[in-house]
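Residue-level structure breakdown
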Amino acid sequence: MVIAESGNLYVLGRTATSLANIYQYTFNDESWTMLTNNRVLGVVSEEMVVPEVVTYFSYDGLEIEALLFKAHAHYDNGYTIFWPHGEPQAAERKEFRSMFQALLKRGYSIFAPNVCLTF
């Protein structure tokens, strides 16, 4: 996020189904403008999967958060990929992951728990 001398606000934004793009907020007319148009060619965003945030309890009662990317029913092959990840600075987030979207399109669901390993 950057605030320019003009007073405009510039933000780099992305979601689980869209690539990073730069947006400008103009305070004078209170509007957002997308300045870049990065996208995946030939893919309709409705075909991409937004992960569901789920939680579960470990053996010691600690609550663990995970992202569950469920393949659309018409692609689902019945298999789930376990993608363990962890540590606060490297946690799995709702960000665009081309590899995940490609695997989802091939019918694989993905379970990505954010586990913090301490020794």
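Residues numbered from 1 in each chain as written. Predicted model: local features only at pLDDT ≥ 70, side-chain atom pairs only at ≥ 80, totals over all residues. Heavy atoms only, no water.

1. What about the side chain of Glu92?
Here Glu92 lies in the loop between β7 (80–82) and α1 (98–105). Residue class for Glu92 comes out buried when judged on its relative accessible area of 6%. With sequence-adjacent residues up to four places away left out, Glu92 is seen in contact with Leu67, Trp83, His85, Arg97, Phe100, Ala112 and Asn114. (Helix = DSSP H or I, 4+ residues; strand = E, 2+ residues; numbered from the N terminus. Buried < 20%, exposed > 50% of the residue type's maximum accessible area, 1.4 Å probe, protein only. Contact = heavy atoms within 4.5 Å.)

2. Things to note about α1
Along α1, the residues that are buried comprise Phe100, Gln101 and Leu104. In a view along the axis of α1, the buried residues occupy a sector of 95 degrees, so they form one face of it. The secondary structure elements touched by the buried residues of α1 are β6 (63–69) and β8 (109–113). (Arc of directions from axis to C-beta.)

3. Examining the pattern of salt bridges
Note that side chains of opposite charge can pair when their charged atoms are close. Going through the model one piece at a time under the given rule, you end up with 3 salt bridges. Between Glu95 and Arg14 there is a salt bridge; the shortest N-O distance is 3.0 Å. Pair noted here: Glu95 is in the loop between β7 and α1 and Arg14 is in strand β2 (residues 9–15), with a separation of 81 residues, a long-range link. For Glu92, the salt bridge identified is with Arg97, shortest N-O distance 2.7 Å. Given the relative accessible area of 24%, Arg97 is considered partly exposed. (Salt bridge = Lys/Arg side-chain N within 4 Å of Asp/Glu carboxyl O.)

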